Amino acid sequence: MKIGIIGSTGYAGGELVRLLWNHKEVEVKWYGSKSYQNEKYGKIYKNMFQLVDDVCMDENIEELADKVDVIFTATPQGFLASRLNDRILSKAKVIDLSADFRLKDVKDYEHWYGMEHKAPSLLFEAVYGLCELNREKIREARLVANPGCYPTCSLLSLYPLIKEGMIDTSTLIIDAKSGASGAGRGAKLEQLFCEVNENIKAYGVASHRHTPEIEEQLSLWAKKKVVINFTPHLVPMNRGILITAYGMLKKEVSYEEVKEVYDSYYKGEKYVRVLEKEQCPETKWVEGSNYVDVNFKIDKRTKRIILMGAMDNLVKGAAGQAVQNMNLMLGLPENEGLDLVPVFP
C-alpha cells in the first residue's frame with residue numbers, strides 16, 4: 001500500500017515516519033511539508049539519516065490522492081477542512097490527526113477553535129478513531145478523525161465505568177499532565193528550555209480545546225449531556241501523558257467489582273493494560289509504545305473513585321493510534337508496525 005503524509009516534519013508527522021518505516025505492508029511515497037519543501041527528510045530528522053533519502057514535497061492533497069492509498073494529515077486545525085472533498089475521498093482514505101473532524105457539532109468546533117469549519121457536510125461521515133471502541137466503523141471508513149492525546153488517555157481510563165453507569169457524571173474532574181512535545185514543534189516562548197525546565201504549570205484552564213471532544217464522547221456513552229472540569233498541565237519531559245480523574249460513585253462497590261468491569265471491557269485489547277491492584281500508571285512504563293496503562297483506586301472515605309491512565313502522547317496519543325486506524329481501514333493485522341516495547345530508562 002502506498003502512503004502519503006502531509007505535515008511530515010512536525011512531531012506527530014515525524015513519529016508517523018518512524019513507525020511506518022518498520023511497517024511491512026506499506027511504503028511512504030510522499031513526505032509533505034510546508035516548512036521544509038525540497039529538503040531531504042533525513043537532514044531535517046537526523047535519526048532518519050540514510051534511512052529516508054526522500055525530499056519533502058509540497059502539501060498538494062489533490063495531487064497526492066492520485067498517487068497513494070492512504071493520506072495522513074498531521075496539520076494545524078483548519079488545513080484539511082479547507083481542502084478535503086468527496087473527489088479526494090473517492091481516490092484515497094484519509095486519517096486526520098488534527099481536530100477538524102472530531103466534533104460532530106460544527107458550532108462547538110467554531111466556538112472552541114475560533115474558525116469557520118469549511119467542510120461541515122463531512123462531519124457525520126468521519127469516524128472517531130478510538131480503535132478499541134469504534135473498531136468496526138473504522139474498518140468501513142474512508143475518513144477517520146484521529147482522537148486527541150488527552151482525550152485518548154482520559155476516555156480509555158473512564159470508558160468502562162461510564163458505560164456501566166457507575167459514576168455520577170456531574171462530578172467528573174480530569175487532571176492531566178503532558179510532556180512538551182504535545183504542544184508541537186513550532187518555536188514558542190513558553191516552550192523554551194528555560195521556561196519548561198524545573199517547572200510545572202496549568203494551562204488552558206476551563207478553556208482547553210480537548211474539553212468538548214471528551215465531553216462529546218462521554219455524552220454518547222452516558223446517553224445524556226456530560227460537562228466536566230478538565231485542566232491540563234505542562235511538565236518538563238519530552239513525552240508522556242498522565243491523567244487522574246475523580247468522580248462520585250453512585251453506590252458502594254468493591255475493588256473486585258470494579259476490576260471485573262475493567263477486565264471485561266478490555267479483555268483481548270492488546271494496547272490497553274489494566275494494572276494490578278495498588279499499581280499506579282507511570283509515563284516511563286509506556287514511553288515509545290502504543291500502550292495505555294489504566295487503573296483505579298476507590299476512596300471509601302469520600303465515596304469517590306480515582307481513575308488513572310498513562311500513555312505516550314506521540315504514539316497512542318497521535319501517530320501510533322493513526323497507524324492502528326490505518327491497519328483497520330486496510331484490513332491489515334491491527335498490530336502491524338506497532339509491536340513496540342516501551343523504552344526504559
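What you are looking at is a predicted structure, and each value in this text was computed from that prediction instead of being measured.

**Concerning the overall build of the protein**
Here is step 1: In terms of regular secondary structure, the protein is built from 11 helices and 13 strands.
Here is step 2: For the protein, whose C-alpha radius of gyration is 20 Å, the value lies close to the compact-globule estimate of 20 Å for 345 residues.
Here is step 3: Scored against the burial criterion, the 345 residues of the protein give a buried share of 54%.
Here is step 4: Intrachain contacts of the protein at a sequence separation of at least 6 include 70% that bridge at least 24 residues.
Here is step 5: Carbon and sulfur atoms provide 50% of the accessible area of the protein, an area that totals close to 15,900 Å².

**Some remarks on the pairing of strand 4 (residues 93-96)**
Here is step 1: As paired elements, strand 3 (residues 70-73) and strand 4 share four bridges and run parallel to each other. Each residue of the ladder has a partner; that of V70, found in strand 4, is K93.
Here is step 2: Of the strand pairs in this sheet, strand 4 and strand 6 (residues 143-145) are connected by three bridges, and their pairing is parallel. Opposite D96, over in strand 6, you have A145 as the bridge partner.

**A look at the nonpolar core**
Here is step 1: Residues I3, L16, L20, F72, I95 and M326 are the most contacted members of the largest nonpolar core, which totals 41 residues.
Here is step 2: Taken together, the elements giving at least two residues each to this core come down to strand 1 (2-6), helix 1 (11-21), strand 2 (27-32), helix 2 (41-44), strand 3, helix 6 (131-140) and helix 11 (315-329).
Here is step 3: With eight residues, the single largest contributor to this core is helix 11.
Here is step 4: Excluding its chain neighbours within four sequence positions, the residues that come into contact with L20 are I3, I5, V26, V28, F72, V323 and M326.
Here is step 5: Counting residues in each nonpolar core, the second largest holds 40 residues, with C149, L156, I162 and V258 among its members.

**Thoughts on the side chain of S157**
Here is step 1: With respect to the helices and strands, S157 occurs in helix 7 (residues 149-163).
Here is step 2: Discounting chain neighbours no more than four positions away, the residues touching S157 are I243, Y262, V294, L307, M308 and G309.

**Quick notes on the sheet that holds strand 4**
Here is step 1: The strand order across the open sheet built from six strands is 2-1-3-4-6-5, with neighbouring strands paired in parallel fashion. Pairing within the sheet leaves two strands with one partner each, and these edge strands are strand 2 and strand 5 (127-128).
Here is step 2: As paired strands, strand 1 and strand 2 are joined by five bridges and run parallel to one another. From the neighbouring strand, I5 faces strand 2, where its bridge partner is Y31.
Here is step 3: Each of strand 1, strand 3, strand 4 and strand 6 touches helix 11; the most contacted strand, strand 4, lies at about 160 degrees to it.

**Some points on the packing of helix 7 against helix 9 (residues 211-222)**
Here is step 1: Two elements in contact, helix 7 and helix 9, have axes whose closest approach is 10 Å; the angle formed by their N-to-C orientations is 20 degrees. Looking at the two axes, helix 7 sits roughly parallel to helix 9. Between helix 7 and helix 9 the crossing geometry is right-handed. Along its contact with helix 7, which presents P151, S154, L155, L158, Y159, I162 and K163, the element helix 9 presents E213, I214, Q217, L218, W221 and A222.

**Quick word on unusual backbone geometry**
Here is step 1: For the bond from F344 to P345, the omega torsion is 0 degrees, close enough to zero to count as cis.
Here is step 2: Topologically, P345 is positioned in the segment after helix 11.
Here is step 3: Positive phi values are uncommon outside glycine, yet E198 reaches one of about 55 degrees.
Here is step 4: Take E198: it is sitting in the loop between helix 8 (193-196) and strand 8 (201-202).
Here is step 5: One non-glycine residue, K223, adopts positive backbone phi at about 60 degrees.
Here is step 6: As for its position among the elements, K223 is in the loop between helix 9 and strand 9 (229-234).

**Points about the packing of aromatic side chains**
Here is step 1: Across all of its chains, the model carries 11 aromatic pairs by this definition.
Here is step 2: Seen from their ring centres, W285 and F344 are 4.7 Å apart, and the 20 degrees between their planes marks the pair as stacked. With a gap of 59 residues between them, W285 in the loop between strand 11 (272-274) and strand 12 (292-299) and F344 in the segment after helix 11 connect regions that are remote in the sequence.
Here is step 3: Looking at F344, the relative accessible area reads 49%, which means it is partly exposed.
Here is step 4: Ring pairs connect the aromatic residues Y255, Y262, Y266 and F296, which therefore count as one cluster.
Here is step 5: Over the aromatic face of Y291 sits the side chain of R273, whose NZ or CZ is 4.4 Å from the ring centroid.
Here is step 6: In this arrangement the basic side chain of K284 is found over the ring face of W285, its NZ or CZ atom lying 5.9 Å from the centre.

**Some remarks on the state of the cysteines**
Here is step 1: Counted according to the given criterion, the structure contains zero disulfides.
Here is step 2: The cysteine C131 is free of any disulfide, with C153 supplying the nearest cysteine sulfur at 15 Å.
Here is step 3: With a relative accessible area of 0%, C131 lands in the buried category.

Calculation notes
- Residues numbered from 1 in each chain as written.
- Predicted model: local features only at pLDDT ≥ 70, side-chain atom pairs only at ≥ 80, totals over all residues.
- Heavy atoms only, no water.
- Helix = DSSP H or I, 4+ residues; strand = E, 2+ residues; numbered from the N terminus.
- Rg over C-alpha atoms; globule rule 2.2 N^0.38 Å.
- Buried < 20%, exposed > 50% of the residue type's maximum accessible area, 1.4 Å probe, protein only.
- Contact = heavy atoms within 4.5 Å.
- Areas by Shrake-Rupley, 256 points an atom, 1.4 Å probe, with all protein chains shown as cover.
- Pairing = 2+ DSSP bridges.
- Core = buried A, V, L, I, M, F, W, Y, C linked by side-chain atoms within 4.5 Å.
- Axes fitted to C-alpha atoms, helices over the stretch in contact; angles between N-to-C directions.
- Parallel < 35°, antiparallel > 145°, perpendicular 65-115°, else oblique.
- Left-handed = near helix turned anticlockwise from the far one by under 90°.
- Phe/Tyr/Trp six-rings, centres within 6.5 Å; stacked < 30°, edge-to-face > 60°.
- Lys NZ or Arg CZ within 6 Å of the ring centre and 35° of its normal.
- Disulfide = S-S within 2.5 Å.

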